[in-house]
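# Examining the three-dimensional arrangement
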Amino acid sequence: MSDTFHAMWRSLAPIGRSAATGGYRRFAWTGADADCRLWFRMQAEARRLEYEVDRNGNQWAWLGDPAAGDAVVTGSHLDSVPDGGAFDGPLGVVSAFAALDELRSREVRFRRPFAIVNFGDEEGARFGLACVGSRLAAGQLTKEAAYELRDADGVTLPRAMEAAGYDPDAIGPDPQRLARIGAFVELHVEQGRALDLSGDPVGIASAIWPHGRWRYDFRGEANHAGTTRLADRRDPMLSYAETVLAARREAELAGAVATFGKVSVEPNGVNAIPSAVRGWLDSRAADQATLDRVVAGVEAAAREAADRQGVDLAVVRESFTPVVEFAHALRDELGKLLGGGAPVLGTGAGHDAGILSAAVPTAMLFVRNPTGVSHSPAEHAGEDDCVAGVLALADVLEGLACA
């Protein structure tokens, strides 16, 4: 099993990797995405699985009759954030195929249909909305809203899908497919250091913190950086800078997290006062009340700064996911199947499993990340821990799907 895992890992590793940074740029409906999709299909066909792509561009590899229902499904995603790490998403997909290989080596008999899935555009790096493939399938993103999504070059989601050879007219809720699924288990590298601190290679997710993304549009007046008096300026960059500091302050006071990680500036000249600054806030907290308090505090500080600088401000919530408590019965079953020794921990990161949880019993396994770093080339999981993750996933799948 470890040999097949490492062989798959080596074959996937070069796709979409930047020679300059060592990070990955696997964005939805690009050439790198197409190569990842081809890799998935080749793995499915090499294992004699029935391969299909659903109406929203998600890839499936089936063992048994999907129409029989009560299927056990595992998998994750293959796309990345800009210059992301190798493990976020791909570890779950590679481990899914490796776990199937392990089960076949055990000569177990499947009593329920089984599938491996690669959800499209989980990270939202290109169009700004996370989990597009699973949101569409679950009816949490309408076709009309999806058609409004644009990338930094103004290319719409349907245009990008069409250019990649997919039919954008078909996208939308897929309740019949979700009704086939009896349980979905997603394995993922831990995005934090809880397992490293506890000394455990594998853990079980308890819940996903509520989280969302908010766009802040500051509009001022473009002018010459060298000839405009400070008192005469309507500089949106100042308002934005104060808002970034306010986000850190509000999150620290509340025990939450808040990040402005993306910004665009117009006209973006060294010697020009900006006319507009657009920044994206990502905020997450352990409970809804805390998140609401942080987000409200950041917006209040932004409006105060904008008023003081003579700058206009518009705030738009682009996405939001409420707290996700994974199905307790399934979560407890995973604990039993792993011998009761795996720690249970929460996470501030969103996942396709969280999106599907409203329609399907879902659970997650985490694999230790010794650095705690994620969304970076420094993201890591040791070889022994990856193998431990595959074996844990295989044990879980055997208990859920096999006789």
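Residues numbered from 1 in each chain as written. Predicted model: local features only at pLDDT ≥ 70, side-chain atom pairs only at ≥ 80, totals over all residues. Heavy atoms only, no water.

## Some thoughts on the side chain of Ser18
The condition that has to hold: By the criteria applied, helices consist of DSSP H or I runs no shorter than four residues and strands consist of E runs no shorter than two, each listed in order from the N terminus. To sort residues, take the accessible area from a 1.4 Å probe on protein chains only and compare it with the maximum for the residue type: under 20% means buried, over 50% means exposed, and anything in between is partly exposed. Here a polar contact means two N or O atoms within 3.5 Å. Within protein one must be a hydrogen donor candidate and the other an acceptor candidate, and residues neighboring in sequence count only if both atoms are side-chain atoms. We call two residues contacting when some pair of their heavy atoms lies within 4.5 Å.
In this fold, Ser18 is placed in the loop between helix 1 (2-12) and helix 2 (31-46). Owing to a relative accessible area of 10%, Ser18 belongs among the buried residues under this scheme. Here Ala20 takes part through its backbone nitrogen, which lies 3.2 Å from a polar atom of the side chain of Ser18. Setting aside residues no more than four positions away along its own chain, Ser18 makes contact with Gly23, Arg25 and Asp83.

## Re the nonpolar core
How we decide: Note on terminology: a nonpolar core comprises buried Ala, Val, Leu, Ile, Met, Phe, Trp, Tyr and Cys residues joined through side-chain atoms within 4.5 Å.
Ranked by size, the top nonpolar core spans 51 residues in total, and within it Trp39, Leu91, Phe97, Leu334 and Leu365 carry the most contacts. Ignoring any residue separated from it by four or fewer positions in sequence, one finds Leu365 in contact with Val185, Glu186, Leu187, His188, Val202, Gly203, Ile204, Leu334, Leu338, Ala392, Leu393 and Val396.

## A closer look at the pattern of salt bridges
This is how it is decided: Every case where a carboxyl oxygen of Asp or Glu lies within 4 Å of a side-chain nitrogen of Lys or Arg is listed as a salt bridge.
Tallied over the entire structure, the rule returns 23 salt bridges. Note that Arg47 is salt-bridged to Asp101, the shortest N-O span being 2.9 Å. On the criterion of sequence distance, the pair formed by Arg47 in the loop between helix 2 and strand 1 (50-53) and Asp101 in helix 3 (residues 90-105) is long-range, its members being 54 residues apart. Here Arg47 and Asp101 have matching classes, each one buried. The partner of Asp70 in a salt bridge is Arg112, and the shortest N-O contact between them spans 2.9 Å. Of this pair, Asp70 sits in the loop between strand 2 (59-63) and strand 3 (71-77) while Arg112 sits in the loop between helix 3 and strand 4 (114-119); the two residues are 42 residues apart in sequence, bridging distant segments of the chain. Taking the relative accessible area as the measure of exposure, Asp70 reaches 44% and is therefore partly exposed.

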